[in-house]
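Residue strings, one per chain:
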Amino acid sequence: MKIAISSDHGGNRLRQEIMDLLTERGVEFEDFGPKNDDSVDYPDYATPVCEGVVEGRFNRGILICGTGIGMSIAANKIKGIRCALVHDVFSAKATRGHNDTNVLAMGERVVGAGHAKEIVSAWLDTSFEGGRHAVRIEKLMKLED
């Protein structure tokens, strides 16, 4: 599995923690920045992650900003992305199992590093269940046409 990860300035610290987790788990990833805490615009950092996922260069993406809201909105504007804003383990599992999300968004100001690592681990470890959920995903993706 290969992950694309990025944040805006409001998610820099949590992004570093999540990259440490990915390294510990042996998950390959590419960091799309930013490289410092200067104010940046979250759409500029969500876009390359999501484009990489859609193009197949990455299996999934992780986006972090202060609340996760801006990143999730930006991500879901890109055709082919199913991004969920998640701040609990149950939702992380459900959004993979039922919605086959390919991008995870979180907010640094909302969830602590320890809990965020649990969320990411659950999201990475949960497979799409298919079945009745696949029909729903097909209908969801047709909304983009």
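Up top is the structure.
These numbers were taken from a predicted model, which means no experiment stands behind them. (Residues numbered from 1 in each chain as written. Predicted model: local features only at pLDDT ≥ 70, side-chain atom pairs only at ≥ 80, totals over all residues. Heavy atoms only, no water.)

A short note on the packing of aromatic side chains
Part 1 of the argument: This model, assessed by the stated rule, comprises one aromatic pair.
Part 2 of the argument: Both rings, one in Phe-32 and one in Phe-58, keep their centres 5.7 Å apart while their planes meet at 80 degrees; by these two values the pair is edge-to-face. Placement of Phe-32 in the loop between strand E2 (28–31) and helix H2 (42–54) and of Phe-58 in the loop between H2 and strand E3 (60–65) is noted, with a sequence separation of 26 residues between them.
Part 3 of the argument: Sitting over the ring of Trp-123, Arg-60 keeps its end group 5.0 Å from the ring centre. (Phe/Tyr/Trp six-rings, centres within 6.5 Å; stacked < 30°, edge-to-face > 60°. Helix = DSSP H or I, 4+ residues; strand = E, 2+ residues; numbered from the N terminus. Lys NZ or Arg CZ within 6 Å of the ring centre and 35° of its normal.)

Structural notes on the packing of helix H4 (residues 89–97) against helix H5 (residues 113–125)
In a pair of packed helices, the angle between the axes and the distance between the axes together describe the arrangement.
Part 1 of the argument: Packing of H4 against H5 brings their axes to within 8 Å, and their N-to-C directions diverge by 20 degrees. Viewed along their axes, H4 and H5 adopt a mutual orientation that is roughly parallel. Between H4 and H5 lies a crossing whose hand is right-handed. Contacts between H4 and H5 involve Val-89, Ala-92, Lys-93, Thr-95 and Arg-96 from the first element and His-115, Glu-118, Ile-119, Ala-122 and Trp-123 from the second.
Part 2 of the argument: Its residues assigned to classes, the contact of H4 with H5 shows five nonpolar, two polar and three charged. (Axes fitted to C-alpha atoms, helices over the stretch in contact; angles between N-to-C directions. Parallel < 35°, antiparallel > 145°, perpendicular 65-115°, else oblique. Left-handed = near helix turned anticlockwise from the far one by under 90°. Contact = heavy atoms within 4.5 Å. Nonpolar A, V, L, I, M, F, W, Y, C, P; charged D, E, K, R; others polar.)

Remarks on the pairing of strand E5 (residues 103–107)
Part 1 of the argument: Of all the five residues making up E5, five are buried; the element is thus mostly covered by neighbouring parts of the structure.
Part 2 of the argument: Burial of the side chains of E5 extends over both faces: Val-103, Ala-105 and Gly-107 are buried on one face and Leu-104 and Met-106 on the other.
Part 3 of the argument: For E3 and E5, the ladder comprises five bridges, and the chain directions are parallel. Bridged to Leu-63 within E5 is Ala-105.
Part 4 of the argument: Bridge count between strand E4 (residues 83–85) and E5: three bridges; the pairing is parallel. Bridge assignment links Cys-83 to a residue of E5, and that residue is Val-103. (Buried < 20%, exposed > 50% of the residue type's maximum accessible area, 1.4 Å probe, protein only. Pairing = 2+ DSSP bridges.)

Nothing here speaks to function; it is geometry throughout.
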